[in-house]
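Close look at the chain arrangement
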Amino acid sequence: MTDSSSDTKDIHRADRHFLHPWEDVTAIGETPRTVLTDSEDIYVTDSDGKRMIDGPGGMWCVNVGHGREEIIEACAAQMRRLSYFSPWSMASDVAANLARRLAALAPGDLNNVFFTTGGSTAVDSALRFAFFYNNCLGRPEKKHIISRVNAYHGSTYLTASCSGKMREKAEMDMIEDHIHFLSCPKPKDRPAGQSLEAFRDEKVAELEAMILSVGPEKVAAFIAEPVMASGGVIVQPEGYLAACAEVCARHDVLFIADEVVTSFGRLGHYFASESVFGVQPDMLTTAKGLTSGYQPLGALFISDRLIAEITAATNEGKGFTSGFTYSGHPVACAAAMANLDIFERDGLLEHVRRIAPYFERALRSLSDIPVISDIRVMGLMAGIECELDPANPDEDRDMAFAARVDAACQRHGLLLRPVYNACVMSPPLIITETQIDDMVRILRRGFEEALAA
Ligand SMILES: Cc1ncc(COP(=O)(O)O)c(C=O)c1O
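Residues numbered from 1 in each chain as written. Predicted model: local features only at pLDDT ≥ 70, side-chain atom pairs only at ≥ 80, totals over all residues. Heavy atoms only, no water.

**Structural notes on the nonpolar core**
The test is simple: In this text, buried Ala, Val, Leu, Ile, Met, Phe, Trp, Tyr and Cys residues form a nonpolar core when linked through side-chain atoms within 4.5 Å. Buried residues are those whose accessible area, probed at 1.4 Å on protein chains only, stays under 20% of the maximum for their type, while exposed residues exceed 50% and partly exposed ones sit between those limits. Strands are runs of DSSP state E lasting at least 2 residues, helices are runs of H or I lasting at least 4, and numbering of each runs from the N terminus. Two residues qualify as a contact provided that any one of their heavy atoms is within 4.5 Å of a heavy atom in the partner residue.
Membership of the largest hydrophobic core comes to 103 residues, with the highest contact counts inside it found for F222, L363, L443 and F447. Top element by residues in this core is helix α11 (residues 330-346). It accounts for 11 residues. Those residues in contact with F222, other than ones at most four positions away along the chain, are I146, R148, L182, L207, Y240, C244, C248, V253, L254, F255 and I256. In this structure, V123, A126, L158 and M283 belong to the second largest nonpolar core, which totals 24 residues.

**Comments concerning the sheet that holds strand β6 (residues 179-182)**
The test is simple: In this analysis, strands are considered paired if DSSP registers two or more bridges between them. Between the N-to-C directions of two axes lies an angle of 0 to 180 degrees, each axis being a line fitted to C-alpha atoms and, for a helix, fitted only over the stretch in contact.
Strands sit in the order β4-β12-β11-β10-β7-β5-β6 across an open sheet of 7 strands; the sheet is mixed. Every other strand in the sheet has two partners, leaving β4 (112-116) and β6 as the edge strands with one partner each. Strand-to-strand, the axes of this sheet are offset by a mean angle of 20°, without reference to chain direction. Across 5 bridges, β4 lies against strand β12 (residues 298-302) in antiparallel orientation. Looking at β12, one finds that V113 is bridged to F301.

**What to know about the packing of aromatic side chains**
Convention followed: Here is the rule: rings of Phe, Tyr and Trp (six-membered ring for Trp) pair when centre to centre is within 6.5 Å. Planes less than 30 degrees apart are stacked, more than 60 are edge-to-face, and the remainder are tilted. We count a charge as sitting over a ring when the NZ of a lysine or the CZ of an arginine lies within 6 Å of the ring centre and within 35 degrees of the ring normal.
Under the counting rule described, the total for this entry stands at 12 aromatic pairs. Ring centres of F271 and F301 lie 5.3 Å apart, and the angle between their planes is 75°; this geometry places the pair in the edge-to-face category. Here F301 lies in strand β12 and F271 lies in the loop between β10 (254-258) and α9 (272-277), a separation of 30 residues in the sequence. With respect to burial, F271 and F301 carry one shared label: buried. Through a chain of ring-to-ring contacts, three or more aromatic side chains come together here, namely F264, Y270, F271, F301 and F343. Sitting above the plane of the Y43 ring, R51 keeps its charged end 3.8 Å from the centroid. The aromatic ring of Y420 is capped on one face by K165, whose charged end is 5.2 Å from the ring centroid.

**Considerations on the site of the ligand**
Put simply, the rule is: We call a residue near a molecule or strand as soon as one heavy atom of that residue lies within 4 Å of the molecule or strand. Amino acid classes used here: Ala, Val, Leu, Ile, Met, Phe, Trp, Tyr, Cys and Pro are nonpolar; Asp, Glu, Lys and Arg are charged; the rest, including Gly, are polar.
Close contacts around the ligand come from G118, G119, S120, Y152, H153, G154, E225, S230, D258, V260, V261 and K288, and that covers them all. Taken together, the residues that form the shell around the ligand break down as 3 nonpolar, 6 polar and 3 charged.

**A few points about the pairing of β12**
Side chains on a regular strand alternate between the two faces of the sheet. Burial analysis of β12 places 5 of its 5 residues in the buried class, which makes it a mostly covered element. Burial of the side chains of β12 extends over both faces: G298, L300 and I302 are buried on one face and A299 and F301 on the other. Two strands pair when backbone bridges link them, and strand β11 (residues 283-286) and β12 are joined in this way by 4 bridges, in the antiparallel orientation. Each bridged residue has a counterpart across the sheet, and for L284 the counterpart in β12 is F301.

**Structural notes on unusual backbone geometry**
The residue N150 is not glycine, and still its phi comes out positive at about 80°. Checked against the element boundaries, N150 lands in the loop between β5 (144-148) and α6 (157-162). Within the chain, S292 stands out as a residue other than glycine whose phi angle is a positive 55°. Mapped onto the fold, S292 is located in the loop between β11 and β12.

**Looking at the pairing of strand β7 (residues 219-224)**
Judged by how many residues are buried, β7 sits mostly within the fold: 6 of 6 residues are covered. Pairing of β5 with β7, which is carried by 3 bridges, proceeds in the parallel orientation. Of the residues in β7, the one forming a bridge with I146 is F222. Two strands pair when backbone bridges link them, and β7 and β10 are joined in this way by 4 bridges, in the parallel orientation. Across the sheet, A221 pairs through a bridge with L254, a residue of β10.

**A word on the state of the cysteines**
Quick reminder of the rule: Disulfide: a pair of cysteine sulfur atoms within 2.5 Å of each other.
The final tally for this structure, using the stated rule, is 0 disulfides. C184 carries a free sulfur, and the closest cysteine sulfur to it, the one in C244, is 12 Å from it. The cysteine C244 is free of any disulfide, with C248 supplying the nearest cysteine sulfur at 6.7 Å. On the accessibility criterion, C244 (0% relative accessible area) is buried.

**Section: the environment of I42**
Tracing the chain through its elements places I42 in the loop between β1 (36-40) and β2 (43-46). A residue is classified by how much of its surface remains accessible, and I42, at 0% relative accessible area, is buried. The spacing of I42 and V64 is 22 residues in sequence and 8.8 Å in space, taken between C-alpha atoms. Sequence-distant contacts of I42, defined by excluding residues within four places in its chain, comprise M52, I53, D54, H66, P428, I430, I431 and Q435.

Written out as structure tokens, the structure reads:
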């Protein structure tokens, strides 16, 4: 019989050599992480055998749940048949068929699918395509990008520079001269007495003022997550996104929807931009739920309109010289195809639309816990913000509290993801009402224990 605690210790010793994302390099390996060894349905199991609900769905990605044999089989079969092809010079049936299938699902004329290795590379490619497009149209000055405080768009140089989680940027170099930030459209932070509509209009006006102050002839794109995920699940006021898209269209600024989190069912639709928010983006990025995290894959959708404009402006022979060894990787594409089959066969989008109100009601039942200052829910994503003393705000103290809630919840069988002072959740979309009840019961207990600590 193996001794799980000595196994865990050995994994921690080995993990000392794994430089994790966002690691404090002065303390590598000093805070031992929970070691996950198994997963099934909406659950993960740690190296001590503790089973927990996967509250964050991996990292907003395990949409169809863990252990889906269909995806595993599809990947294995694809590896046996064709394990790799060069996307530069060759084509493959699985990547071509996935591109066609995705183009049919994407809104409007987003018919051109550029495969990437994940979300960051999808957003990076979108921004680089915006620059390429303007070069092709003879507008080399039109290169500025507008983003928002609290946005997260990735971890390449360009996408990190467009991310607005300012706390995380202090020690890292950023591109600064062409990237501008609007204030965060977080309704909770609006001045007392201001209506949601007035707040929305103010934020939209801020976008237009920014475009005008930089100069519409210089602004290439506005990039926005339909719901700001890693910023703490910030649900923007109704009508905000559509109004922003209208401002962009009026000033010939590309609207890029970063749907790395909000696509593939998180909000009850394959893509949320049009179906939920009534917006037709010029470009759209996705990843995560595209394969439910079984394989790394991202995609950028580019509209026919942009391609047609480049073509009409006599750019023959000019390539969008961007791409990756693993663009359209056949095994990742096979995982995505099997993932989509599950969505269709199990009616997963309908399930999310049906269960989302229950999820919201269940989470709102926690509103009597005094330290909870905001509960934000949309589809199957949620952020619960904690403030120990709203009159004397202290972000570090509140972050430490959210981490304590996470630790207590883990003890009782629920993984959370603390983001600053918010606990965020995006469980696998297959979650049932009973499992939501379990989740919320553990959350309440986690809050109670963290408060008592
Ligand atoms: C909205 C958004 N865009 C982009 C990314 C980056 O994706 P990846 O980590 O796959 O590179 C993320 C990751 O969380 C995200 O939430």
